Amino acid sequence: MSENFLIAIAWPYSNAEIHVGNITGSHLPGDIVARYHRLKGNNVLMVSGTDSHGTPVVIAADKEGKPVEEVYKKYHNSFLEVFKGYGITYDMFTTTHSENHYKVSQAMFLALQKNGFLFKQFSKQWYSPSSDKFLPDRYVEGTCYICGYENARSDQCDNCGNVLEPEKLINPRAKTGDGALELHDTEHFYLDLSKLETDVKKFLEERAPHMRDTVIGESLRKIESEGLQPRSITRDLDWGVPIPIEGWTEAGKRIYVWFEAVIGYLSAPIEWSQVSGQKDAWREWWTNPKAKQFHFIGKDNIFFHTSQWPAELMGAGKEFMEIFAGEAVPLTLPYDVPANQFMNLEGEKISGSRNWAVWGLDALTRYDPDALRYYLTVNMPEAKDSDWDWAEFVARNNNELVATWGNLANRVLAFCYKNWEGHVPDVDIKMLRKPDLDLLAAIESGFTSVGALLEAVKLRAALGEAMKLATAVNVYLDVNAPWTAIKTDKDGASKTIYTALKAIDSLKVLFAPFLPFTSAKLHEFFGYETLLFGEQYTETAKDSLGEHTVLRYRAPQYPAGKGIDGLQWKPSELKPGVKLNQPAPLFKKLEENVIEEERARLGK
Ligand SMILES: [Zn+2]
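Analysis parameters
Residues numbered from 1 in each chain as written. Predicted model: local features only at pLDDT ≥ 70, side-chain atom pairs only at ≥ 80, totals over all residues. Heavy atoms only, no water. Core = buried A, V, L, I, M, F, W, Y, C linked by side-chain atoms within 4.5 Å. Buried < 20%, exposed > 50% of the residue type's maximum accessible area, 1.4 Å probe, protein only. Helix = DSSP H or I, 4+ residues; strand = E, 2+ residues; numbered from the N terminus. Contact = heavy atoms within 4.5 Å. Donors = N, O, S within 2.8 Å, 3.2 Å for Na, K, Ca; no water. Tetrahedral: all angles 85-135°; square planar, octahedral: opposite > 155°, others 65-115°. Axes fitted to C-alpha atoms, helices over the stretch in contact; angles between N-to-C directions. Parallel < 35°, antiparallel > 145°, perpendicular 65-115°, else oblique. Left-handed = near helix turned anticlockwise from the far one by under 90°. Pairing = 2+ DSSP bridges.

Q: Would you mind going over the nonpolar core with me for this structure?
A: Counting residues in hydrophobic clusters, the biggest one holds 127 residues, and the most contacted among them are Ile7, Trp388, Trp405 and Leu507. With 12 residues, helix α14 (residues 390-419) is the single largest residue contributor to this core. Each residue touching Ile7, except ones within four places of it in the same chain, is listed here: Gly30, Val33, Ala34, Val44, Leu45, Met46, Val47, Phe294 and Phe296. Counting 64 residues, the second-largest nonpolar core is a separate cluster that includes Val47, Ala268, Val329 and Val337.

Q: I keep staring at the coordination of the zinc ion and nothing clicks. Help me out?
A: The protein atoms that coordinate the zinc ion are Cys144 (SG), Cys147 (SG), Cys157 (SG) and Cys160 (SG), at distances spanning 2.3 Å. Here the zinc ion is ringed by 4 donor atoms whose angles at the metal span 104 to 114 degrees, and the overall shape comes out tetrahedral. Read in sequence order, the donor residues for the zinc ion give the motif C-x2-C-x9-C-x2-C. The exposure class of Cys147 is partly exposed, given its relative accessible area of 35%.

Q: So what exactly am I meant to see when it comes to the packing of α14 against helix α16 (residues 459-480) here?
A: The relative placement of two packed helices is expressed as an angle between their axes plus a distance between the axes. At a closest axis distance of 10 Å, the pairing of α14 and α16 adopts a crossing angle of 50 degrees. Put simply, α14 runs oblique to α16. Here α14 runs over α16; the crossing is left-handed. Contacts between α14 and α16 pair Glu400, Leu401, Thr404, Trp405, Leu408, Arg411 and Val412 from the former with Met467, Ala470, Thr471, Val473, Asn474, Leu477 and Asp478 from the latter.

Q: Would you mind going over the environment of Phe122 with me for this structure?
A: Its location among the elements puts Phe122 in strand β4 (residues 118-128). Residues Phe122 and Glu206 lie 84 residues apart in sequence; the distance between their C-alpha atoms is 37 Å. Not counting the four nearest positions on each side in its chain, Phe122 is found in contact with Asp185, Thr186 and Glu187.

Q: Sorry, what's going on with the pairing of strand β17 (residues 546-554) here?
A: Each regular strand carries side chains that alternate between the two faces of the sheet. In terms of strand pairing, strand β3 (residues 92-95) meets β17 through 2 bridges, oriented antiparallel. Within β17, the position partnered with Phe93 by the bridge is Leu551. Inspection of the sheet shows strand β16 (residues 535-543) paired to β17 by 9 bridges, in the antiparallel sense. What sits directly across from Lys542, in β17, is Glu547. Counted along the chain from β16 to the antiparallel partner β17, the turn is 2 residues long.

Q: Can you walk me through the sheet that holds strand β2 (residues 43-50) in this structure?
A: Across a sheet, paired strands are connected by hydrogen bonds in the backbone, their directions being either parallel or antiparallel. Taken in spatial order, the 6 strands make up an open sheet running β13-β1-β2-β3-β17-β16, and their pairing is mixed. At either end of the open sheet lies a strand with only one pairing partner, and these are β13 (292-296) and β16. Strand-to-strand twist of the sheet, defined as the mean angle between neighbouring strand axes without regard to direction, takes the value 20 degrees. Where helix α1 (residues 20-39) meets the sheet, its contacts fall on β1 (4-9), β2, β13 and β17, and the angle it forms with β1 comes to roughly 165 degrees.

Below, the structure is given as structure tokens:
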């Protein structure tokens with residue numbers, strides 16, 4: 001029975017390029033799990049998009065003297081290149097700046113209002129008389145009233161780390177130079193999260209058994225100590241989703257980005273349905289109580305995804321669907337939030353502004369995507385912070401990826417191709433010996449053991465288990481030495497090579513979620529006409545807001561009667577005697593001088 005998995009990944013914000021910490025934090029783990037479930041024949045929908053609204057992108061656009069659309073699109077389009085390059089197979093990577101996202105966000109707002117979870121309240125906000133507008137938090141800087149730091153943002157001090165009440169800031173000034181500032185009253189909508197605290201606690205306790213300790217621990221602790229507090233969900237800014245209440249948008253107010261960007265987990269599947277010509281298909285993941293939703297995010301977003309987002313969904317209740325689709329049914333709640341910790345770089349925090357970073361696109365100009373995916377998986381910060389170290393990158397590439405797996409596949413295929421005239425040895429499989437059968441049984445068990453670890457989102461351990469099986473094949477070859485046996489016992493060498501090939505053909509599938517590019521190559525060397533994975537492509541969507549480019553994924557297409565039965569996560573059924581294609585090495589060994597060259601790039 002196939003199951004439905006929504007793989008929902010954190011929405012990158014449109015004011016910075018993506019670095020390796022972002023990739024290993026959320027996009028890559030989400031992709032590995034998505035690819036695994038596709039190979040298992042499950043129904044996967046993997047979504048994310050660019051978080052395009054809010055003040056940082058507006059401030060960046062002001063500084064550059066460019067329209068905000070242009071600035072958000074510059075980052076958005078670069079994100080698409082990163083995901084294509086690393087093979088992050090989004091079924092839909094879109095943007096919050098779309099008519100569809102507006103409609104979905106507004107329906108969520110109205111559902112929460114209908115259910116009594118919104119209230120209006122006045123607060124003080126900095127206002128610029130010279131430009132006649134309110135200046136939201138990040139527009140205003142001044143002296144921190146807690147530690148005296150002179151360049152604190154009005155909502156947060158980067159020196160002492162405290163969240164600030166904007167109206168208490170000393171010597172406030174506008175980042176954009178809008179003259180002297182005054183405090184004026186402004187009215188906003190608030191989401192009363194406190195009313196949903198009991199429901200959120202119950203939601204978390206139900207999921208505790210399968211959630212990571214780091215995630216469930218932090219979430220429950222925070223609810224105990226701080227509880228859920230009302231938060232404003234509108235603000236004085238003219239870049240964002242319009243408020244669906246008459247007069248509010250005209251007054252220069254929009255829905256607050258914290259409230260609407262997360263609704264992308266719902267709006268992106270809806271957009272995917274629309275462009276796929278399957279209007280209601282998204283409901284298979286969103287109103288189907290059996291669907292499992294996984295949220296891949298970094299540790300800075302844990303509480304938001306375990307508490308505030310479920311609270312929004314529970315508060316909207318059946319009324320969201322009633323308003324949006326005319327049928328009152330509840331939405332599915334998240335199943336798991338396998339948040340990762342952070343990846344540092346050479347012992348220090350990654351910092352974009354100091355260029356202490358390995359940038360996603362730049363790294364692809366020098367290294368193959370599977371080499372990067374490998375290191376980012378073995379070093380994934382699943383339970384605690386990890387560190388990208390260039391010496392370790394080179395060592396693990398050379399000693400593990402190349403030496404254990406790449407050389408195994410290459411030397412067996414090349415030896416076979418040369419000595420059996422481009423065909424798998426034509427052995428009688430009933431005559432295989434005990435060590436042959438033992439090895440194949442060990443490899444076959446990997447489909448259960450590696451699969452179970454992938455299902456539990458223990459990706460480092462899953463990849464380690466696959467690598468352990470590759471080592472077992474190397475040991476088997478050392479013992480049976482077909483390279484010398486071929487001269488004296490061609491029949492024995494045939495059995496050894498057939499067994500090793502079959503093991504490699506299985507390992508190819510076990511490695512495929514992690515190393516999709518090289519597994520696809522290997523699949524081709526084995527002569528298969530089917531494909532392990534489909535292809536990524538971009539297309540342009542048009543709506544009343546203009547155009548935006550989306551990244552999509554197309555599953556393999558086959559002529560009628562030719563394809564696969566849907567399940568590819570299974571041991572090889574390699575037939576003796578079939579034709580192979582000319583093999584080639586899968587990975588590149590890296591020179592030691594790479595380490596110093598890369599270190600010299602940092603912080604410049
Ligand atoms: Zn401070």
